[in-house]
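# Structure assessment
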Amino acid sequence: MFKLFNRLLIAICTFSIIFAQTEDIPESIVLQKTKVAGFNFLSPILGLYSGSIGLYQKNGKVEIKIPLFYWKIPESLVKGLSLYGAGIHYRMYSNEGGAGFFWGPVAKVNLINWDVYAIDYNGDYGDADDDGYAYTGENITGTLFEAGIEIGRRWQWKNGFTVAPTFGYNLGVGEIESSSSGEKADFDAGGLQYSLGLGWAF
């Protein structure tokens, strides 16, 4: 009787351990959506055209995101100034499936093109626009390189809609050059970065 009890006890403990181990090991998520497209809903208001494509790797444990943007600064702020650029984000997720907390490094390159306008009081630059500004013939170009780190969290719904609030910090260094004089100047940029991360997974 005692031997039978011992065998029964061993069997119960064995099954308990097996089931406990089974519960502790999460099932692997089958990744249904392998890409995510990002968009900026403020584009029509700000004149900022930006978007991104993210590619999930390792069953959603990693996302490689490539953003692109073009911003024609409103002329009410600065006349003749355009910015455009691209970058790459390497995001590592805490879980599979391309959702949850993530972090990773960021690298960007931004290009600047500025056709300089000025109020032409004396008619030195030719025809002026309705606001009295005329093109001075001066063009300033520049390149800015940035590198940093980001952290965020992605929520993703079954219909594909996704939100990924992200915060980060970048360091940047660049150079600008004047077309008329040929002079060059170094400048630093960067700082805190943030985005809402609206997108669509597919």
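Below, the structure is looked at part by part. In this text, all values refer to a predicted model and were calculated from it rather than measured experimentally.

## Some details on unusual backbone geometry
The phi dihedral of Lys58 is positive, around 55 degrees, even though this residue is not glycine. With respect to the element layout, Lys58 can be found in the loop between strand S2 (48–57) and strand S3 (62–72). The residue Asn59 is not glycine, and still its phi comes out positive at about 60 degrees. Structurally, the position occupied by Asn59 is in the loop between S2 and S3.

## A few points about the pairing of strand S6 (residues 133–156)
Note that strand S5 (residues 100–119) and S6 share 19 bridges and pair antiparallel. Bridging from a neighbouring strand, Trp103 pairs with Ile151 of S6. The sheet contact formed by S6 and strand S8 (residues 166–178) spans 13 bridges and is antiparallel. When the bridges of S8 are listed, Phe145 appears paired with Val173. Bridge count between S6 and strand S7 (residues 161–163): 2 bridges; the pairing is antiparallel. For Gln156, the partnering residue across the bridge sits in S7 and is Thr162. From the end of S6 to the start of S7, which pair antiparallel, there are 4 residues, and Gly160 there has a positive phi angle of about 105 degrees.

## Some details on the side chain of Ser82
Note on placement: Ser82 falls in strand S4 (residues 81–93). When sequence neighbours within four positions are dropped, the list of residues in contact with Ser82 reads Tyr70, Trp71, Lys72, Leu111, Ile112 and Asn113.

## Looking at the packing of aromatic side chains
Applying the stated criterion across every chain, the model contains 5 aromatic pairs. Ring centres of Tyr93 and Phe102 lie 5.2 Å apart, and the angle between their planes is 50 degrees; on these two criteria the pair is classed as tilted. Neither residue differs from the other here; Tyr93 and Phe102 are each classed as buried. Through successive ring pairs, a cluster of aromatic residues spans Tyr56, Tyr93 and Phe102. Directly above the aromatic system of Tyr117 lies the positively charged group of Lys79, at a separation of 5.5 Å from the ring centroid. Across the ring face of Phe101, the terminal group of Arg153 is positioned such that the distance to the ring centre comes to 5.2 Å.

Rules used in this analysis
Residues numbered from 1 in each chain as written. Predicted model: local features only at pLDDT ≥ 70, side-chain atom pairs only at ≥ 80, totals over all residues. Heavy atoms only, no water. Helix = DSSP H or I, 4+ residues; strand = E, 2+ residues; numbered from the N terminus. Pairing = 2+ DSSP bridges. Contact = heavy atoms within 4.5 Å. Phe/Tyr/Trp six-rings, centres within 6.5 Å; stacked < 30°, edge-to-face > 60°. Buried < 20%, exposed > 50% of the residue type's maximum accessible area, 1.4 Å probe, protein only. Lys NZ or Arg CZ within 6 Å of the ring centre and 35° of its normal.

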